Amino acid sequence: MSEEFIEKILANEEGQTFECKRVLKKPSEVLATICAFANADGGLFVYGVADKKQSSGKDRLIGISENPGNCDELLKLIATNFVPPLPQIDQLYSDIINSNGAQDKILLIFITSSKSVHSLISGETYFRRGSQNNRLTHEQAMRLQYEKGAITFESELAERVSLKTLNQRNVEEFMRNNNSEEK
């Protein structure tokens, strides 16, 4: 990774598509950010870089040597703790000189915006707004699925309506008028 790219990471503000954390942050706590990025615009998560509030410049380059097992755990959790599973996540380890002057690495995880709405296996769904991961209610998660086209109203079962109450000719006319003849 070029020195210029590392400088851009350090200069970047946490926001809609970027967040960084030290590796001391528990991997399970990072999953909300990964989920929020996938459900919103995608983003870059960098593990091994301190927040700007904690330090500045190259002093933020802590590296993964602080707790290398957390990186492995995070990647394992990303692969197993989402419903539905996340699409391919790109990850890259980048060599750095950490704040102590030693050779180290940071982990970059690139999350693409998904066409699906993803939840953690615990049932929590998150969406990224600005620099915040917002937990969605069930109703908000359903609305997001409609907005993304993951589900459609036409594919939903109509409750409390029997086939006997439907006029087949009216249904067919409605389908033609709404380009829904396939459903």
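Presented here is a report on the structure given in the accompanying data block. (Residues numbered from 1 in each chain as written. Predicted model: local features only at pLDDT ≥ 70, side-chain atom pairs only at ≥ 80, totals over all residues. Heavy atoms only, no water.)

The next subject is the packing of aromatic side chains. All chains considered together, the criterion is met by one aromatic pair. With a centroid separation of 5.6 Å and 45 degrees between ring planes, the pair formed by Phe45 and Tyr47 is classed as tilted. By the burial criterion, Phe45 is buried, and Tyr47 matches it. (Phe/Tyr/Trp six-rings, centres within 6.5 Å; stacked < 30°, edge-to-face > 60°. Buried < 20%, exposed > 50% of the residue type's maximum accessible area, 1.4 Å probe, protein only.)

Turning next to helix H2 (residues 27-39). Under the 1.5 Å per step criterion, the end-to-end length of H2 is 19 Å for 13 residues, consistent within 8% with the ideal 18 Å. For H2, a buried count of eleven out of 13 residues is recorded, marking the element as mostly surrounded by other parts of the structure. Here H2 has its buried residues at Pro27, Val30, Leu31, Ala32, Thr33, Ile34, Cys35, Ala36, Phe37, Ala38 and Asn39. (Helix = DSSP H or I, 4+ residues; strand = E, 2+ residues; numbered from the N terminus. Expected span 1.5 Å × (residues − 1).)

It is worth spelling out the nonpolar core at this point. Counting residues in hydrophobic clusters, the biggest one holds 25 residues, and the most contacted among them are Ile34, Phe45, Tyr47, Leu74, Ile78, Ile109 and Ile111. Secondary structure elements with two or more residues in this core: H2, strand E2 (43-47), helix H3 (68-80) and strand E5 (103-111). A per-element tally of this core places H2 first, with eight residues. Apart from the residues lying within four places of it in its own chain, the contact partners of Ile34 are Phe45, Ile78, Phe82, Leu86, Ile109 and Ile111. Of all hydrophobic cores here, the second largest spans twelve residues; its members include Leu10, Phe18, Val46 and Leu61. (Core = buried A, V, L, I, M, F, W, Y, C linked by side-chain atoms within 4.5 Å. Contact = heavy atoms within 4.5 Å.)

Strand order in the open sheet made by the four strands is E1-E2-E5-E4, with mixed pairing throughout. The sheet is open, and its two borders are formed by strand E1 (18-21) and strand E4 (90-97), each paired with just one other strand. Direction aside, neighbouring strands of the sheet carry axes that sit 20 degrees apart on average. Note: E1 against E2, four bridges, orientation parallel. Pairing of Cys20 across the sheet is with Val46, part of E2. Sheet strands in contact with helix H1 (residues 3-11) are E1, E2, E4 and E5, and its direction is about 65 degrees off that of E5. Against the sheet, H2 makes contact with E1, E2 and E5, and its axis sits at roughly 165 degrees relative to E2, the strand it touches most. (Pairing = 2+ DSSP bridges. Axes fitted to C-alpha atoms, helices over the stretch in contact; angles between N-to-C directions.)

Summed over all chains, the structure comprises twelve salt bridges. A salt bridge links Lys8 to Glu4, with the nearest nitrogen and oxygen atoms 3.7 Å apart. Taken together, the residues Lys8 and Glu4, both in helix H1 and four residues apart, mark about one turn of the helix. As far as burial versus exposure is concerned, Lys8 and Glu4 are alike and both exposed. Across the pair Arg135 and Glu124 runs a salt bridge whose closest N-O atoms are separated by 3.5 Å. Of this pair, Arg135 sits in strand E8 (residues 132-136) while Glu124 sits in the loop between strand E6 (119-120) and strand E7 (125-129), placing them eleven residues apart in sequence. Overlapping salt bridges, with partners in common, bring together Glu19, Lys21, Asp51 and Arg128 in one network. (Salt bridge = Lys/Arg side-chain N within 4 Å of Asp/Glu carboxyl O.)

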